[in-house]
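Next come the chains, spelled out residue by residue.
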Amino acid sequence: MPSATFFLMPEASEGEQNALICDKIAELYRKHKRLRVWAQNQAQAEALDELLWQRPADAFIPHNLVGEGASTGAPVEIGWPQTEPGSSRPGYALFNLANEVPVQAQQSQQLYDIVPVSDDGKAVARERYKHYRARGCQMHTVPLISEQK
């Protein structure tokens, strides 16, 4: 049965939110080893790509933007709606940061998504939640960052 986890985004600047998302990408990479990140737009994808390159050497996450790098893809791929969806990559977990549910969600057994702080963002996230639930996903909602931080 597929599983969908929604992360509750804390109140923070866009830069702080992207840094927190990169921390979550690193955590999910360590858990799954293969992750497709679906950004809201190219600017967010490139910002996440740059932040991941800035991680310390001992915390490096092998990644690239969709279409870059080897044809077999990197363990972490970052795409956005205007990129080609790419071939099916069995075993990749999907971390959706976009407002819409990407096509790749149908290919993934492990889905992650974000609940923004804004009321409008929450309303759009509810629609994605309904979509995943209708697909038969086991649903979870947790804070993006643990209370320990």
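That block above? That's the structure.
Below is a short write-up of the structure.

**Considerations on the pairing of strand β1 (residues 3-8)**
Consecutive side chains of a regular strand alternate in pointing toward one face of the sheet and then the other. Among the six residues that make up β1, five are buried, leaving the element largely enclosed by the rest of the structure. As defined by bridge partners, β1 adjoins strand β6 (residues 110-115) across six bridges and the pair is classed as parallel. Among the inter-strand pairings, F6 is bridged to a residue of β6, identified as D113.

**So, the side chain of Q110**
Mapped onto the elements of the fold, Q110 is located in strand β6. There is a polar contact of 3.4 Å between the side chain of Q110 and the side chain of Y112. Excluding its chain neighbours within four sequence positions, the residues that come into contact with Q110 are S3, T5, H32, A93 and L94.

**Remarks on the sheet that holds β6**
Strand order in this open sheet of seven strands is β3-β4-β2-β5-β6-β1-β7, and the pairing throughout is parallel. Bordering the open sheet on either side are β3 (63-65) and β7 (138-143), each of which pairs with just one other strand. Strand after strand, the sheet turns through a mean of 20° between neighbouring axes, direction not considered. Here three bridges tie β3 to strand β4 (residues 76-79), and the two strands are oriented parallel to one another.

**Re the packing of aromatic side chains**
Under the criterion given, the structure shown has six aromatic pairs. Considering the side-chain rings of F7 and F95, the 5.9 Å spacing of their centres and the 80° angle between planes classify their relative orientation as edge-to-face. Of this pair, F7 sits in strand β1 while F95 sits in strand β5 (residues 93-96); the two residues are 88 residues apart in sequence, bridging distant segments of the chain. In this pair, the class of F7 matches that of F95, namely buried. Ring pairing ties together the aromatic residues F6, Y129 and Y132, which thus form one cluster. Geometry around Y29 places K33 over its ring, the cationic atom sitting 5.2 Å from the centre.

**Structural notes on helix α3 (residues 119-134)**
If you check α3, its first and last C-alpha atoms are 23 Å apart, about what 16 residues at 1.5 Å a residue would give, namely 22 Å. If you check which residues of α3 are buried, you get G121, A125, R128 and Y132. Mapping the buried residues of α3 onto a view down its axis gives an arc of 55°, with all of them on the same face. Of the exposed residues in α3, the ones pointing more than 90 degrees away from its buried face are D119, D120, R126 and A134. Those residues of α3 hidden inside the fold are in contact with β1, β5, β6 and β7. Trailing α3 by a residue or two, G136 shows a phi angle of about 100°, which is positive.

**Description of the pairing of β5**
On β5, burial covers both faces: A93 and F95 on one face and L94 and N96 on the other are all buried. Of the strand pairs in this sheet, strand β2 (residues 35-38) and β5 are connected by four bridges, and their pairing is parallel. In the strand pairing of β5, V37 is matched with F95.

**Observations concerning the pattern of salt bridges**
Summed over the entire model, instances satisfying the criterion amount to five salt bridges. A salt bridge links R128 to D113; the shortest N-O distance between them is 2.9 Å. Taken together, the residues R128 in helix α3 and D113 in strand β6 connect sequence positions 15 residues apart. Accessibility classification places R128 together with D113 in one group, the buried group.

Rules and cut-offs
- Along each chain, residues carry numbers from 1 onward, in the same order as the chain's sequence is written.
- Only residues with pLDDT of at least 70 get local features here, since the model is predicted, and only at 80 or more are side-chain atom pairs given and counted; chain-wide, interface and lining totals rely on the full set of residues.
- Side-chain measures were taken over the full set of non-hydrogen atoms in the model, leaving aside hydrogen atoms and water.
- For every residue, the accessible area obtained with a 1.4 Å probe (protein chains only) is divided by the maximum for its type, and the residue is called buried under 20%, exposed over 50%, and partly exposed between those limits.
- In DSSP terms, a helix is any run of H or I states spanning at least four residues, a strand is any run of E spanning at least two, and both are numbered starting from the N terminus.
- By definition, two strands form a pair when at least two bridges between them are found by DSSP.
- Pairing of N or O atoms within 3.5 Å defines a polar contact, subject to two protein rules: one partner must be a possible hydrogen donor and the other a possible acceptor, and residues neighboring in sequence count only if both atoms are side-chain atoms.
- Here, two residues are considered to be in contact whenever any of their heavy atoms come within 4.5 Å of each other.
- Between N-to-C directions, angles cover 0 to 180 degrees, with each direction set by a line fitted to C-alpha atoms, over the stretch in contact for helices.
- Only the six-membered ring of Trp is used, alongside the rings of Phe and Tyr, when aromatic pairs are assigned; centres must lie within 6.5 Å, and planes under 30 degrees apart are stacked while those over 60 apart are edge-to-face, with the rest tilted.
- Only when the NZ atom of a Lys or the CZ atom of an Arg is both within 6 Å of the ring centre and within 35 degrees of the ring normal do we say a charge sits over the ring.
- Here the expected length of a helix is defined as 1.5 Å per residue gap, with one fewer gap than residues.
- Picture the helix axis, draw a direction to every C-beta atom, and the arc is the one those directions span.
- The term salt bridge refers to a pairing of a side-chain nitrogen on Lys or Arg with a carboxyl oxygen on Asp or Glu at a separation within 4 Å.

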